Amino acid sequence: MSCSNVKECSCPKQTCPNHGKCCACVIKHRTTDSLPFCLFPDNGGDKSNRKTETKDVRDSSVQNEGADEPDVKVCDDVDNYEDTSVLQNPIYTLLGEAVASANTKVYERSKKDAELSGMGTSLVAALMIDSKLYIASVGDSRIYLFCGGDMVQLTHDHSYVQYLVDIGQITPEQALTNPYRNIITRAVGNERTIEADTESLLLTASPSYILLCSDGLTNYLSASDIRDIVWGYGAEESDGEDQEAELKRKVEELIDSANEGGGGDNITALLVKYDV
């Protein structure tokens, strides 16, 4: 077991080597190499296409070929995935199987239309059961956890520049401006089969926030700016604001800030608040 060492908290996992110094104990199930994902999608800065529903917004977010293909419903495939052996399988295994099901749908669709050949998409998914958070990821979309006033990235990018960082060829700072940062090494729909990274987390700090987002947000907004917006640093407090209004305001501010920073890609973000 490893631990996201962020801030002091009362972590109940006594086996954690950094017990008492973290906001979440992380059990990793990475391979060797959703909550619905989509809220407030923004098409490259075009605010006329923005959806501001706070309930159940869908967007396939398919990169390049097939981006406007209405029949490709990645989120629906993951969210509606059913398995009759739920009691026998770990939740993270079910998440992996759900991602595999979505992958098959995208892959088979691309084979039916030559114009869609080679299309693929990144994907992140999350499932909350009590204080336990289960996540899955493919590609370079990300999930962040915010607790104790700070933030930590829970997912690991499947991208060429992340590979260069992992082998020590470039620094994380250099990766931010590397011309090949949009090349992903794993995507939903590119191959017949896919493996998702899965993790489970015990949330021990309240309130905490979970952010699911595409690289259209993180490529145009720094980590420190994302953190400040989610935690509301420097913002005026709104008296009487309920939780839904708070999340809506913060997501809109994230997207507006990313657009102001360039907005050269589709922006998708979903913000969840854990408060007990």
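See above for the structure.
To keep things clear, this report deals only with the structure shown in the data block. For clarity, every value in this text was computed on a predicted model and none was experimentally measured.

Basis of the calculations
Residues numbered from 1 in each chain as written. Predicted model: local features only at pLDDT ≥ 70, side-chain atom pairs only at ≥ 80, totals over all residues. Heavy atoms only, no water. Helix = DSSP H or I, 4+ residues; strand = E, 2+ residues; numbered from the N terminus. Buried < 20%, exposed > 50% of the residue type's maximum accessible area, 1.4 Å probe, protein only. Areas by Shrake-Rupley, 256 points an atom, 1.4 Å probe, with all protein chains shown as cover. Core = buried A, V, L, I, M, F, W, Y, C linked by side-chain atoms within 4.5 Å. Contact = heavy atoms within 4.5 Å. Salt bridge = Lys/Arg side-chain N within 4 Å of Asp/Glu carboxyl O.

**Comments concerning the overall build of the protein chain**
Looking only at helices and strands, the protein chain has 7 helices and 9 strands in total. Burial status across the protein chain gives 48% buried among its 276 residues. A total accessible area of about 13,800 Å² is found for the protein chain, and carbon and sulfur atoms account for 45% of it.

**Remarks on the nonpolar core**
Core analysis: the largest hydrophobic core is formed by 20 residues, its most contacted members being Phe-146, Leu-211, Leu-217, Ile-226 and Leu-254. Elements with a contribution of two residues or more to this core: β5 (142–147), β8 (208–213), α6 (223–231), α7 (243–260) and β9 (269–274). In terms of residue count, α7 provides more of this core than any other element does, 5 residues in total. Residue contacts for Leu-211: discarding those within four places in its chain leaves Arg-142, Ile-143, Tyr-144, Phe-146, Leu-217, Ile-226, Leu-254, Ala-269, Leu-270 and Leu-271.

**Thoughts on the pattern of salt bridges**
Scanning the model with the defined rule gives 6 salt bridges in all. Arg-227 is the salt-bridge partner of Asp-228, the closest N and O atoms lying 3.0 Å from each other. Asp-228 gets classed as partly exposed once you look at its relative accessible area, which sits at 23%. A salt bridge links Glu-246 to Lys-250; the shortest N-O distance between them is 2.7 Å. Taken together, the residues Glu-246 and Lys-250, both in helix α7 and 4 residues apart, mark about one turn of the helix. According to the relative accessible area criterion, Glu-246 is buried, its value standing at 9%. A single network of salt bridges, built from pairs that share partners, joins Glu-246, Lys-250 and Lys-273.

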